Amino acid sequence: MSKILVTGATGGLGKAVVENLLKTVSPGDISVLVRDPAKAAALQAQGVTVKQGDYNDYASLVTAFQGVDKLFLVSGNDIPNRVPQHTNAINAAKEAGVQHVVYTSFQRKTEDGSSAAAFVAEAHLATEKLLKESGLTYTILKNALYLDVLPLFMGPVLDTNTIYLPAKEGKVPYASRADMGAAGAAVLTGTGHENQSYDISNDTSYSFHDIAKILSDLSGKQIQYASPDAEAFGSALAAAGVPAGIIEMTAGFCVAIEQGEFDFPATDLEKLLGRQPETAEQFLKATYQL
């Protein structure tokens with residue numbers, strides 16, 4: 001069996017990948033890269049090898065990647081520093097002799113910097129280019145927006161009975177982080193994924209009108225969707241005391257949704273899972289206990 005290393009294993013996606021790997025792979029063939037080993041104590045207790053390292057510390061990456069055949073590279077969450085961090089990871093993988101890198105990227109329509117989501121696009125596009133030019137075998141997972149972000153975007157929607165977001169009529173084929181983790185594990189343990197790119201999304205796209213209807217049907221309440229422009233949205237949230245950084249990020253994603261930036265329904269995820277992915281209705285029913 002190949003030796004597999006998963007980065008970001010104490011985060012949501014990395015953890016989901018490891019949990020799925022453990023269903024079919026011996027713990028002795030799995031290692032994880034973490035900044036704080038104490039946070040991975042539960043994985044270590046299951047027999048997973050825990051390696052300490054940091055995307056900012058090239059030497060730590062080279063050491064951690066020794067003996068690894070397949071690297072699951074979860075994109076960093078330090079957005080301003082992602083490009084140098086990912087460059088470190090790819091160069092370290094090459095130096096350490098890693099054979100195959102699986103990278104978590106994102107779905108997108110435009111690549112010229114004009115998108116409202118350009119602030120997250122830059123590093124992903126640069127990383128994909130680095131991977132393809134590195135000589136390493138790669139698989140690029142172009143992840144849809146998580147179903148898991150919907151409660152964060154919508155706030156206490158069952159209390160307010162309103163979804164208030166500047167996304168207009170834009171649609172997204174949201175997929176759950178749990179399904180993305182299972183798909184990542186499937187790529188790591190399967191065959192035929194060399195130098196491939198997959199759209200990790202649902203086969204159905206949802207607007208916030210659709211989400212409001214699903215929540216209305218599930219809860220028995222009348223959930224409305226109101227879509228202000230981004231400026232009015234920002235002003236309303238600022239008046240409510242929401243931090244500027246959160247407002248900027250939420251508005252940026254929502255305007256990108258309006259622009260159709262993430263509207264790429266596909267069946268790649270279903271094929272990798274060997275089953276139908278979790279739907280928005282299933283996710284919202286479970287999340288809100290409806």
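Residues numbered from 1 in each chain as written. Predicted model: local features only at pLDDT ≥ 70, side-chain atom pairs only at ≥ 80, totals over all residues. Heavy atoms only, no water.

Participant: Report on the overall build of the chain, specifying residues and quantitative values.
Facilitator: Across its full length, the chain carries 13 helices and nine strands. For 290 residues, the compact-globule estimate of 2.2 N^0.38 gives 19 Å, and the chain sits close to it at 20 Å. Seen through its principal axes, the chain has C-alpha atoms that stretch 55 × 35 × 35 Å. Here the chain holds 290 residues, and the buried ones make up 50% of them. Look at the contacts in the chain between residues 6 or more apart in sequence, and 79% of them connect residues 24 or more apart. Accessible surface computed for the chain: about 12700 Å², of which carbon and sulfur atoms make up 50%. Between the centroid of the 22 positive side chains of the chain and the centroid of its 32 negative side chains there is a distance of 4 Å. (Helix = DSSP H or I, 4+ residues; strand = E, 2+ residues; numbered from the N terminus. Rg over C-alpha atoms; globule rule 2.2 N^0.38 Å. Buried < 20%, exposed > 50% of the residue type's maximum accessible area, 1.4 Å probe, protein only. Contact = heavy atoms within 4.5 Å. Areas by Shrake-Rupley, 256 points an atom, 1.4 Å probe, with all protein chains shown as cover. Lys, Arg positive; Asp, Glu negative; His and termini not counted. Charge placed at Lys NZ, Arg CZ, Asp CG, Glu CD.)

Participant: Can you break down the sheet that holds strand E6 (residues 137–143) residue by residue, with the values?
Facilitator: Spatially, seven strands are ordered E3-E2-E1-E4-E5-E6-E8 in an open sheet, and the strand pairing comes out parallel. Each edge of the open sheet carries a strand with a single partner, namely strand E3 (49–52) and strand E8 (196–200). On average, each strand axis in the sheet is tilted by 20 degrees relative to the strand beside it, whichever way the strands run. Looking at chain direction, E6 and E8 are connected through five bridges and run parallel. Looking at E8, one finds that Asn143 is bridged to Ile200. Here helix H1 (residues 12–21) sits on the sheet and contacts strand E1 (4–7), strand E2 (30–34), strand E4 (70–73), strand E5 (100–106) and E6; the angle it forms with E1, its principal contact strand, is near 155 degrees. (Pairing = 2+ DSSP bridges. Axes fitted to C-alpha atoms, helices over the stretch in contact; angles between N-to-C directions.)

Participant: Could you give me a rundown of the nonpolar core, with the residues and numbers involved?
Facilitator: Counting 38 residues, the largest nonpolar core has Met154, Ile163, Phe208 and Ile211 as the members making the most contacts within it. For this core, the elements supplying multiple residues, two or more each, are helix H5 (118–134), helix H6 (150–154), helix H7 (157–160), helix H9 (208–219), helix H10 (230–239), helix H11 (244–258) and helix H13 (280–287). By size, the runner-up hydrophobic cluster in this structure holds 32 residues, among which are Met180, Ala182, Val187 and Leu273. (Core = buried A, V, L, I, M, F, W, Y, C linked by side-chain atoms within 4.5 Å.)

Participant: Quick one: what's the story with the pattern of salt bridges, residue by residue and with numbers?
Facilitator: Overall, the coordinates contain six salt bridges when judged by the stated rule. With a shortest N-O distance of 3.0 Å, Asp29 and Lys3 are connected by a salt bridge. A residue pair is termed long-range when its members are at least 10 positions apart, and Asp29 in the loop between H1 and E2 and Lys3 in the segment before E1 qualify at 26 residues. Relative accessible area serves as the criterion here: at 16%, Asp29 is assigned to the buried category. The exposure class of Lys3 is partly exposed, given its relative accessible area of 36%. Across the pair Asp179 and Arg275 runs a salt bridge whose closest N-O atoms are separated by 2.7 Å. Residue Asp179 is found in helix H8 (residues 177–189), and its partner Arg275 is found in the loop between helix H12 (268–273) and H13; the two are separated by 96 residues along the sequence. Through salt bridges that share partners, Arg108, Glu111 and Glu128 make up one connected network. (Salt bridge = Lys/Arg side-chain N within 4 Å of Asp/Glu carboxyl O.)

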